[in-house]
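# Observations on chain architecture
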Amino acid sequence: MARVEYDDVWKRFPGSDRVAVHALTLDVADGELLVLLGPSGCGKTTALRMLAGLEHPDGGDIRIDGRSVLRLEPKDRDVALVFQSYALYPHLSVRNNIGYPLRVRGLTLAQQAERIGRAAALLRIEHLLARRPGQLSGGEQQRVALARAIVREPRVFCMDEPLSNLDAKLRTHTRTELKALQKDLGTTTIFVTHDQAEAMTLADRIAVLDQGRLQQLGTPDDVYRHPANLFVAQFIGSPPMNILAAHRHDGELVVEEAWRIPAPAVRDHHGGTALTVGLRPEAITIEQDGGGPGEVLVSEPLGSEVIVNVKVGSALVKVRTAPDVRPGPGTRVRLAAQPGEVRLFDPSSGTALD
Amino acid sequence: MTAVGPQAAVQVDIPPPIRPRERGTPLEWALMHLAFVAIAAFFLAPFVWLFAAAFDAEATAYIRVPGRLTLDNFTYIFRELAFAKALANSAIVAGATTLLVVLTVTLAGYGLSRLELRRKGWITFAVLLLQTMPLSATMVPIYGLARLLGLRNSYLGLILIHAAIELPFLVWLMKGFFDSVPRQLEEAAWLDGRSKLRALFEIVLPVARPGIAVAAGLSFISAWAEVLMVIILVDKQDMKTVPLAFYETFRTAGGYVEVQYGLVAAMGVLYLLPVMAVFFATRRLMVRGLVSGTKGL
């Protein structure tokens, strides 16, 4: 159980002109599951590795329970890391893999056996204990890696995309189990992923990173419904938020010169009347009455819902509808935006205005 | 769900899969096997001669069925030519060279693979450059250096020079092996509480075991077989190694001495056996190592 703080942390790799982590300041509460989310190369893994002691920051401080860990070797930080590749020791059996950190800590054989048994039972891998990692499937290896991490009862779990090597079905199943396990153990966890759905389902809070900079820190609902900028708006959600050009006119917003919606109150910005509007696909409703500014290009049925692609002006708007709403291509439709769900961004800086 | 019944079945002509011809015509098959036998005979013939002549009282330079099987050749080389001492010298030199080389190339290969060093690329290629230098070109300076340091006619001199000969290539080989061992394995061990040195010995080295076996095997075989440096560094009878004893037995002194083929063959058998023993003892690891190690080169 521990509180983790990143305080103005910087990192640039030698020989690279790009800053990998840029003034990262984060506070992870005791027992919280924080997801670091972002595209490849955004610095999320580097941030995690700095906490584990596998990389050294160029500036700033990282603290666990208020004490700086920068001068501590990885072995002294009491942080467990589950690697993307699992990093199981190939020459040791599953039992010895899980027991390795216990052996290092000098636990007696009886204590080791008891803890290995408990971790194996928790992850349902008792039947695999005699095998070598090379004899296990990806899902089994992932469970062994988790068992090796939890058996030590560390202060902090770090997980570096541990689900990315699993197939889609197993990944969904495992992330549910992982969330339950984390809540059960109550250990502070930092989870790195580039998969926004994984982040949304797992996280207590999400930290969205891009090009080494923290873009937004908030609960999954916050990040989804109130993105701090256009990057977050488009990175989170599938399909992502519709981003449309608009301008203010007579208390309304004229979107793509074709679609009028009521304008919400926003703070001042430098763009004059020009604005960028963000609308989640489910914040738009479709009325098929033969008129309206939109023309249906294609409908994509996904079983439980349909994504209708509507051309408005020169933009393509994605609308999430009920499974029975499937307008054919070429149908003229009227669109309505849910007033509380209209997000506005400064067109020049991309930052949210609400 | 669509109903599937006889009426729904669609007749599709599936062409037979294209397979490469496995055997060819009987004539091709026979010619191919004849070629295999000829190649195998070409490589096996020296060994057949070696083992036949070693037990033949009247061995010649050609393969012949021994008229009388005898151990006289072996008895003679041990009694009259002090071959036991040569075997012991070779075992000491090759064994110690192997230990020294394995220790050195393991640490050097790991360092070049893992450590952040300035000019690492230069160092790595400088090591390789040493390998390209012909050994015979260095004979004179090596002789001079060995004389200066008092390393002639000594185990230490032979061990050091044999190790130096083998180091450049094996450092590269080991670097390749360590490159192919994922860094995350040792990082996991550090996080599990091990120091960097203990993680190297407990996690990295066991994983790189095939590479170490290759380095040990090649090093032993090379040190066991090396003759040029032994010729220039050794002139005392009791420091002779097996290849030198073998070489001297084979000399005809300008045609004044007739070659004793039975003795040469007996020495050859004893010269060969340790190499074969090392190969068979480590062959599984060596094959694994040679296959996987090339990835990192």
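About the thresholds
Each residue is numbered by its place in its chain's sequence as written, counting from 1. In the order they appear in the text, chains get letters beginning with A and ligands get numbers beginning with 1. Restriction of local features to residues with pLDDT of at least 70 applies here, the model being predicted, together with a cutoff of 80 or more for giving and counting side-chain atom pairs; totals for whole chains, interfaces and linings are based on all residues. Hydrogens and waters are ignored; side-chain quantities use all the structure's heavy atoms. Only DSSP runs of H or I covering at least 4 residues are called helices, and only runs of E covering at least 2 are called strands; the numbering of each starts at the N terminus. Summary of the burial criterion: residues with accessible area below 20% of their type's maximum are buried, those above 50% are exposed, and those between are partly exposed, where the area comes from a 1.4 Å probe applied to protein chains only. Note on contacts: a residue pair qualifies if any of its non-hydrogen atoms lie within 4.5 Å across the two residues. Each accessible area is a Shrake-Rupley result for a 1.4 Å probe, and residues are judged covered by the shown protein chains and nothing else. His is not counted, nor are the chain ends; Lys and Arg add positive charge and Asp and Glu add negative charge. Here the site of a charge means NZ on Lys, CZ on Arg, CG on Asp, or CD on Glu. What is meant by a nonpolar core is a set of buried Ala, Val, Leu, Ile, Met, Phe, Trp, Tyr and Cys residues, joined one to another through side-chain atoms within 4.5 Å. In short, DSSP must find at least two bridges between two strands for them to pair. Salt bridges are counted wherever a side-chain nitrogen of Lys or Arg sits within 4 Å of a carboxyl oxygen of Asp or Glu. Domain ranges listed in this record stem from an automatic or a database domain assignment. Accessible area that two parts lose when put together, evaluated with a 1.4 Å probe and summed over both, is termed the buried area. Counting of polar contacts relies on pairs of N or O atoms within 3.5 Å, with two restrictions inside protein: one atom must be capable of donating a hydrogen and the other of accepting it, and residues adjacent in sequence are counted only when both atoms are side-chain atoms. Each residue is assigned to one class: nonpolar for Ala, Val, Leu, Ile, Met, Phe, Trp, Tyr, Cys and Pro, charged for Asp, Glu, Lys and Arg, and polar for all the others, Gly among them. Only the six-membered ring of Trp is used, alongside the rings of Phe and Tyr, when aromatic pairs are assigned; centres must lie within 6.5 Å, and planes under 30 degrees apart are stacked while those over 60 apart are edge-to-face, with the rest tilted. Our definition puts a charge over a ring when NZ of Lys or CZ of Arg is within 6 Å of the ring centre and also within 35 degrees of the ring normal. Like-charged residues are merged into a patch within 9 Å and nonpolar side chains (Val, Leu, Ile, Met, Phe, Trp, Tyr) within 5 Å, provided each residue has over 30% relative accessible area and no salt bridge. Multiplying 1.5 Å by the helix residue count minus one yields the expected span of that helix. When we speak of the arc, we mean the arc of directions from the helix axis to the C-beta atoms. Angles here are taken between N-to-C directions and fall from 0 to 180 degrees, while the axes themselves are lines fitted to C-alpha atoms, restricted in helices to the stretch in contact.

Once that is clear, we can look at the overall build of chain B. Helix and strand content of chain B: twelve helices and zero strands. Secondary structure elements in chain B, listed N-terminal to C-terminal, are α-α-α-α-α-α-α-α-α-α-α-α. Here chain B, with 297 residues, has 39% of them falling under the buried criterion. Summarising the internal contacts of chain B: among those between residues at least 6 apart in sequence, 73% fall at separations of at least 24. Here chain B has roughly 18000 Å² of accessible surface; of this, 69% comes from carbon and sulfur atoms.

Before going further, it helps to spend a moment on the overall build of chain A. Counting its secondary structure elements, chain A contains eight helices and 20 strands. Judged by the C-alpha coordinates and their principal axes, chain A covers about 75 × 45 × 35 Å. Burial status across chain A gives 52% buried among its 354 residues. Within chain A, residue pairs in contact and separated by at least 24 positions form 66% of the contacts whose partners lie at least 6 positions apart. Within the structure as shown, chain A displays about 15300 Å² of accessible surface, and the carbon and sulfur contribution to it stands at 49%. Taking the average place of the 42 positive charges on the side chains of chain A and the average place of its 44 negative ones, the gap between the two points comes to 6 Å.

So, about the nonpolar core. One finds Tyr 6, Leu 36 and Leu 51 of chain A to be the most contacted residues of the largest nonpolar core, which totals 64 residues. The biggest single contributor to this core is helix H6 (residues 155–180) of chain B, with eight residues. Apart from residues no more than four positions distant in its own chain, Leu 51 of chain A is found in contact with Val 4, Tyr 6, Ile 62, Ile 64, Arg 77, Val 79, Val 156, Cys 158 and Ile 190 of chain A. Listed in part, the 43 residues of the second largest apolar core include Ala 80, Val 82, Leu 88 and Leu 128 of chain A.

For the rest of this paragraph, the subject is the pairing of strand S2 (residues 19–28) of chain A. Within S2 of chain A, seven of the ten residues are buried, which leaves the element mostly enclosed by the surrounding structure. In textbook terms, the turn of a hairpin is the stretch between consecutive antiparallel strands, and for strand S1 (residues 4–12) of chain A and S2 of chain A this stretch comprises six residues, one of which, Gly 15 of chain A, has a positive phi near 85°.

Before going further, it helps to examine the pattern of salt bridges. Opposite charge on two side chains makes pairing possible when the charged atoms of those side chains draw close. Enumeration over the complete set of coordinates arrives at 34 salt bridges over all chains. Here Arg 148 of chain A and Asp 192 of chain B are joined by a salt bridge, their closest N and O atoms 3.8 Å apart. Taken together, the residues Arg 148 of chain A in helix H4 (residues 138–150) and Asp 192 of chain B in the loop between helix H7 (183–191) and helix H8 (196–207) connect one chain to another. Using a relative accessible area of 4% as the deciding quantity, one classes Arg 148 of chain A as buried. One salt bridge in this structure joins Arg 260 of chain A and Glu 252 of chain A, with 3.1 Å as the shortest N-O distance. With a relative accessible area of 47%, Arg 260 of chain A lands in the partly exposed category. Linked through salt bridges whose partners overlap, the residues forming this network are Arg 3, Glu 5, Asp 7, Asp 27, Asp 61 and Arg 63 of chain A.

Moving on to the domain arrangement of chain A. Residue and element names in this part refer to chain A. Considered domain by domain, chain A is made up of domain 1 (4–227) and domain 2 (242–345). In this structure, domain 1 and domain 2 have C-alpha centres spaced 39 Å apart. Between domain 1 and domain 2, the residue contacts involve five residues of the former and six residues of the latter. Taking both partners together, domain 1 and domain 2 bury about 490 Å²; carbon and sulfur atoms supply 36% of that area. On the domain 1 side of the interface with domain 2, the three residues burying the most area are Tyr 224, Arg 225 and Pro 227, jointly 88% of the side's total. Our count for the domain 1 to domain 2 interface comes out at one salt bridge. Measuring nitrogen to oxygen at the nearest pair gives 2.5 Å for the salt bridge that ties Glu 341 to Arg 225. Our count for the domain 1 to domain 2 interface comes out at four residue pairs in polar contact (both at pLDDT 80 or more). Of the residues belonging to the side of domain 1 that touches domain 2, the class tally is three nonpolar, one polar and one charged.

Our next topic: the packing of aromatic side chains. With the rule as written, the count across this model stands at eleven aromatic pairs over all chains. Look at Phe 42 of chain B and Phe 43 of chain B: their rings are 5.6 Å apart centre to centre, the planes differ by 90°, and that puts the pair in the edge-to-face class. Take Phe 42 of chain B: its relative accessible area is 62%, and that puts it in the exposed class. Classification of Phe 43 of chain B by relative accessible area gives exposed; the value is 55%. Each ring, one from Phe 220 of chain B and one from Trp 224 of chain B, has its centre 5.7 Å from the other, and the planes form 15°; the classification is stacked. Separated by four residues within a single helix, Phe 220 of chain B and Trp 224 of chain B lie in helix H9 (residues 209–225), roughly one turn from each other. Pair check on accessibility: Phe 220 of chain B and Trp 224 of chain B agree, each one buried. If you follow Arg 148 of chain A out to its NZ or CZ, it ends over the ring of Tyr 89 of chain A, 4.5 Å from the centre. Between the NZ or CZ atom of Lys 196 of chain B and the centre of the ring of Trp 190 of chain B, over which it lies, the distance is 4.6 Å.

A surface patch of like charges, here positive, comprises Arg 132 of chain A together with Arg 209, Arg 283, Arg 284 and Arg 288 of chain B. By residue number, the principal contributor to the positive patch is helix H12 (residues 261–293) of chain B, which donates three residues. Of note, Arg 132 of chain A is situated in the loop between helix H3 (109–122) and H4. On the basis of relative accessible area, Arg 132 of chain A is assigned to the partly exposed category, the value being 41%.

Turning to H3 of chain A, a few remarks are in order. Residue and element names in this part refer to chain A. Compared with an ideal rise of 1.5 Å per residue, which puts 14 residues at 20 Å, H3 spans 20 Å between its outermost C-alpha atoms and is within 8% of the ideal. Along H3, the residues classified as buried are Gln 112, Ile 116, Ala 119 and Ala 120. Down the axis of H3, the buried set is contained in an arc of 100°. They therefore lie on one face. Summarising the contacts, the buried residues of H3 are in contact with helix H2 (94–104) and H4. The first or second residue beyond H3 is Arg 124, which carries a positive phi of 55°.

A few words now on the sheet that holds strand S8 (residues 188–193) of chain A. Residue and element names in this part refer to chain A. Strands sit in the order S6-S7-S8-S3-S9-S10 across an open sheet of six strands; the sheet is mixed. In this open sheet, the two strands that pair with only one neighbour each are strand S6 (79–82) and strand S10 (213–218). For this sheet the average axis-to-axis angle between neighbouring strands, irrespective of direction, equals 20°. Where strand S9 (residues 205–210) lies against S10, five bridges are found, and the strand directions are antiparallel. Across the sheet, the residue bridging to Asp 210 is Arg 213, located in S10. Along the sheet, H4 contacts S6 and strand S7 (156–160); its crossing angle with S6, the most-contacted strand, is approximately 175°.

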